[in-house]
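Structural description and commentary
Listed here are the chains, written in short residue letters.
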Amino acid sequence: MTDKQNNVLNIENLSVKVGDKNILKSLNLTIKSGEIHALMGPNGAGKSTLAQAIIGNPKYTVTTGKILINGKDITDLQLYERAREGIFLAFQEPVSVQGLKYINFLRTAYMSLHPNEKLEYKKFIEQVQELLGLFRLDKSFIDRSLNDGLSGGEKKRMEALQMLLFKPKFVILDEIDSGLDVDALKIVAEAVKKAKESGTGILIITHYKRILDYVSPDFIHVLVDGTIVESGKAEIAKKIEEYGYDYYRRGEVNAKVG
Ligand SMILES: Nc1ncnc2c1ncn2[C@@H]1O[C@H](COP(=O)(O)OP(=O)(O)O)[C@@H](O)[C@H]1O
Ligand SMILES: [Mg+2]
């Protein structure tokens, strides 16, 4: 899936509702291979909603606009079909599944994402073990149940491991930094840079500037009340740290009045 990459994810005029509540409003965002985009915003702004809408969670209804990968409209595709198109989401709250061993989960997921690739089991295990080493996770993890009994930080590192193993065209990291200590944060940040180098387009969703200090995003977007209110570079994160998200809320009120 990942030769020399030249992929484009286009989100055009996207409005999304959950139940009868409109959450995202005419959102536009373009992510290309090898770019790191950070999406920042306060609680409830709609960040996870955007992630869920991109991966195709059926609870989230697209009311206007579309999502395209390399010009192909994926807005109506099922979740697993989008995964095959190369979209990967690291969950804010990774699920636990008793009795499903990691290695079997990883292998099944890899094969369904890369149906045309012949997978050699021995090589695959070696690759997974190498990645476990990179993420400072114990080799015995492959025989443990999916996320069962893992600490929060270990789960997050496992999610980041999957990003490197599955080689998606695009990855969305939804608050992968929350609950990580500084060492784990650095490891995850290194993985993000590796994914970037391999040509993956990356969307990092976060409240905090902290992870951005390690990954240096190419673009930062601020989401407030379902709309991107500002896009730019590192100076935006500094502004948020200094003034908080209220700065943008006030701006919106002023714009409406004026
Ligand atoms: N599955 C859902 N059911 C009902 N409301 C939801 C659901 N997902 C999100 N929302 C609502 O949509 C808004 C945005 O939520 P979310 O996208 O999780 O924000 P963020 O990730 O920025 O904190 C919130 O008001 C939230 O309560
Ligand atoms: Mg969220």
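Each remark here, short or long, concerns the structure printed above.
First things first, this report covers the structure right here in the doc. (Residues numbered from 1 in each chain as written. Chains lettered and ligands numbered in written order. Predicted model: local features only at pLDDT ≥ 70, side-chain atom pairs only at ≥ 80, totals over all residues.)

Time to look at the overall build of the protein. Counting secondary structure elements, the protein contains nine helices and twelve strands. For 258 residues, the compact-globule estimate of 2.2 N^0.38 gives 18 Å, and the protein sits close to it at 18 Å. Taken along its principal axes, the extent of the C-alpha atoms in the protein is 65 × 40 × 35 Å. By the burial criterion, 39% of the 258 residues in the protein qualify as buried. Residue pairs in contact within the protein that sit at least 24 positions apart in sequence constitute 72% of those at least 6 positions apart. (Helix = DSSP H or I, 4+ residues; strand = E, 2+ residues; numbered from the N terminus. Rg over C-alpha atoms; globule rule 2.2 N^0.38 Å. Buried ≥ 20, exposed ≤ 12 C-beta atoms within 10 Å, placed from the backbone. Contact = placed C-beta atoms within 7 Å.)

Looking at ligand 1, the residues that line it are V18, G19, I23, G41, N43, G44, A45, G46, K47, S48, T49 and K59. When residues in the shell around ligand 1 are grouped by element, the largest group, three residues, is from helix α1 (residues 47-55). Each residue belonging to the shell around ligand 1 can be placed in one class, and the counts come to three nonpolar, seven polar and two charged. (Near = placed C-beta within 6 Å. Nonpolar A, V, L, I, M, F, W, Y, C, P; charged D, E, K, R; others polar.)

Glancing now at the nonpolar core. Of all hydrophobic cores here, the largest spans 68 residues; its most connected members are V171, V188 and I204. The dominant element in this core, judged by the number of residues it contributes, is helix α6 (residues 182-197), at eight residues. Those residues in contact with V188 that lie beyond four places of it in its chain are K156, R157, A160, I176 and L180. (Core = buried A, V, L, I, M, F, W, Y, C linked by C-beta atoms within 7 Å.)

Next up on the list: the packing of helix α4 (residues 121-134) against helix α5 (residues 152-166). Contact pair α4 / α5: the axes reach a minimum separation of 10 Å and the direction vectors enclose 135 degrees. By the criterion of interaxial angle, the relationship of α4 to α5 is oblique. For α4 against α5, the interelement crossing comes out right-handed. Contacts from Q127, V128 and L131 of α4 reach α5 at L161, L164 and L165. The residue inventory of the contact of α4 with α5, partitioned by class, reads five nonpolar, one polar and no charged. (Axes fitted to C-alpha atoms, helices over the stretch in contact; angles between N-to-C directions. Parallel < 35°, antiparallel > 145°, perpendicular 65-115°, else oblique. Left-handed = near helix turned anticlockwise from the far one by under 90°.)

Read across the open sheet, the six strands follow the order β6-β9-β10-β3-β11-β12; overall the sheet is mixed. Two strands bound the open sheet, and with one partner strand each, they are β6 (87-90) and β12 (227-232). The mean inter-strand angle of the sheet, taken between neighbouring strand axes irrespective of direction, is 20 degrees. In this structure, strand β3 (residues 36-40) lies alongside strand β10 (residues 201-206), joined through five bridges in parallel fashion. Looking at β10, one finds that M40 is bridged to T206. The strands touched by α6 within the sheet are β3, β9 (170-174) and β10, with β10 carrying the most contacts at an inclination of about 150 degrees. Running at roughly 40 degrees to strand β11 (residues 219-224), helix α8 (residues 235-243) makes contact with β3, β11 and β12 of the sheet. (Pairing = 2+ DSSP bridges.)

Among the five residues in β3, five count as buried, and that is most of the element. As paired strands, β3 and β11 are joined by four bridges and run parallel to one another. Counted as the bridge partner of L39 is H221 from β11.

The set of residues buried in α8 consists of I236, A237 and I240. Each buried residue of α8 lies within a common arc of 100 degrees when the element is viewed along its axis, so the set occupies one face. Exposed residues on α8 whose side chains face more than 90 degrees from its buried face are E235, E241, E242 and Y243. For α8, the secondary structure elements touched by its buried residues are β3, α7 (210-215), β11 and β12. Directly after α8, the chain includes G244, whose backbone phi takes a positive value near 80 degrees. (Arc of directions from axis to C-beta.)

On to the sheet that holds strand β1 (residues 8-18). Across a sheet, strands are paired by hydrogen bonds formed along the backbone, either parallel or antiparallel in direction. If you trace the four strands from one edge of the open sheet to the other, you get β2-β1-β4-β5, paired in antiparallel fashion. Looking at strand neighbours, the two that pair on one side only are β2 (21-32) and β5 (72-73), the edges of this open sheet. Examined bridge by bridge, β1 and strand β4 (residues 60-69) share eight bridges and lie antiparallel to one another. In the strand pairing of β4, K17 is matched with T61.

What follows is about the environment of G86. Inspection of the secondary structure assignment puts G86 in the loop between α2 (79-85) and β6. For the pair formed by G86 and I55, sequence separation is 31 residues and the distance between their alpha carbons is 9.9 Å.

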